[in-house]
Amino acid sequence: MLILTCLSQLQRLEEALRRSLPLALPVYGAVLNINRGNPGELEVVVDSWPNFGAILARRRGEIPVDDCYSNTQAAFYRDVGAYKALLETPGCLRWDTAFHILGLQEGVATVSQAIAGTKGVELEVSDYYTYVHPDPSTLPEPRLAPGVRVGTLSPAHVDLLNETWPYGGNARSRRYLGELLGRYPHFCLQDGAGDPLSWTLTDHFGAGTHGYTLPGHRRHGHMRAVLSLAARRAQARGFPAFGHTATGNRPMQRLQEELGHQRLPGLCHFVLHNPGLGRAGR
């Protein structure tokens with residue numbers, strides 16, 4: 001197990017992951033962030049170098065044992081056996097903490113299930129569709145409704161974000177959303193008084209997240225504009241324009257498809273380890 005810290009290694013890794021898209025998308029997004037200032041204080045762990053078989057991208061440093069938001073790791077592997085061996089390497093993971101592993105390969109779920117079974121660790125697996133826009137430059141200039149303008153969110157809006165996020169509502173999620181807001185790009189539409197109407201954030205892995213329009217302002221094209229602006233910004237920064245959508249969220253799926261986003265085959269697996277510990281820390 002190695003933690004890559006050398007710039008030349010990280011740049012070489014970026015190129016290798018680009019050739020492994022789209023399966024490597026979340027890890028690739030993390031490495032892009034690391035190689036562009038590392039605003040999220042991330043690190044990448046590989047089983048070997050340079051011929052790696054498996055990789056994890058995650059926050060570096062100590063994370064509270066019950067914080068499954070900050071302790072989210074993205075995975076990609078070339079060999080599922082190497083991936084399993086990496087996760088079982090002493091010091092790679094703390095199996096007594098609450099943490100997520102996410103990835104676009106089936107082994108992300110099955111390997112955790114196999115290891116957890118031997119350790120008596122409880123798991124929750126949630127599956128999402130992943131949408132990618134192949135060329136955001138083709139998106140038309142968004143038309144904003146009268147009285148609506150592009151604005152920004154501020155730390156004063158973190159409570160609003162936390163209250164409206166389906167996975168939020170606690171102190172840890174509030175801290176996590178505040179970090180995303182302060183470290184990564186976001187888009188927000190505001191009314192004439194400067195109050196937020198619709199927005200989307202970006203997570204540590206470069207994915208769009210927490211796309212939301214306040215209930216009283218829906219069906220006005222706000223989310224269509226926000227998604228278009230966010231995709232064009234991602235492309236301008238050299239990032240892929242992608243995000244994960246709940247399998248039951250048909251309205252968001254339909255909107256993305258209308259905008260030209262393409263749904264990847266298969267699913268993105270979010271594997272929560274020790275969910276009871278995570279809930280206990282709320």
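So, a few notes on the structure that sits alongside this text. As the structure is a computational prediction, the values presented were derived from the model and not from experiment. Note on numbering: residues in each chain are counted from 1, in written sequence order. Since the coordinates come from a predicted model, pLDDT governs what is reported: local features require at least 70, and pairs of side-chain atoms require 80 or more to be given and counted, while whole-chain, interface and lining totals use all residues. Side-chain numbers here rest on the full set of heavy atoms in the structure, without hydrogens or water.

**Digging into the environment of Ala-114**
Under the scheme used here, helices are H or I runs from DSSP no shorter than 4 residues and strands are E runs no shorter than 2 residues, and both carry numbers assigned from the N terminus. On the secondary structure map, Ala-114 appears in helix H4 (residues 107-119). Overall, the relative accessible area of 36% leaves Ala-114 in the partly exposed class. Along the primary structure Ala-114 and Lys-84 are separated by 30 residues, whereas in three dimensions their C-alpha atoms are 8.9 Å apart. Buried, partly exposed and exposed residues are distinguished by accessible area as a fraction of the type maximum, computed with a 1.4 Å probe on protein chains only: under 20%, between the cut-offs, and over 50%, respectively.

**Structural notes on the pattern of salt bridges**
By salt bridge we mean one thing: a side-chain nitrogen of Lys or Arg within 4 Å of a carboxyl oxygen of Asp or Glu. On inspection of all chains with the given rule, the structure shows 12 salt bridges. Among the salt bridges present, the one from Glu-14 reaches Arg-36, with a minimum N-O distance of 3.2 Å. With Glu-14 in helix H1 (residues 7-18) and Arg-36 in the loop between helix H2 (25-34) and strand S2 (42-46), this pair connects stretches of sequence that are 22 residues apart. Taking the relative accessible area as the measure of exposure, Arg-36 reaches 41% and is therefore partly exposed. As a salt-bridge pair, Arg-232 and Glu-141 come within 3.0 Å of each other at their nearest N and O atoms.

**A few points about the pairing of strand S3 (residues 54-59)**
Looking down a regular strand, the side chains alternate between one sheet face and the other. When you tally the buried positions in S3, you get six out of six residues, the bulk of the element. Where S2 meets S3, five bridges bridge the pair, whose relative direction is antiparallel. Considered in S3, the bridge of Val-45 is made with Leu-56. Sheet analysis places S3 next to strand S4 (residues 72-77), joined by four bridges and oriented antiparallel. Note on S4: the bridge partner recorded for Leu-56 is Ala-75. Think of it this way: DSSP has to see at least two bridges between two strands before they count as a pair.

**Let's talk about the environment of Leu-93**
As for its position among the elements, Leu-93 is in the loop between helix H3 (80-88) and strand S5 (99-103). Considering only alpha carbons, one finds Leu-93 and Pro-26, 67 residues apart in sequence, at a separation of 19 Å. It only takes one pair of heavy atoms within 4.5 Å for two residues to be counted as in contact. Apart from residues no more than four positions distant in its own chain, Leu-93 is found in contact with Leu-56, Arg-58, Gln-73, Leu-87, Phe-99 and Ile-101.

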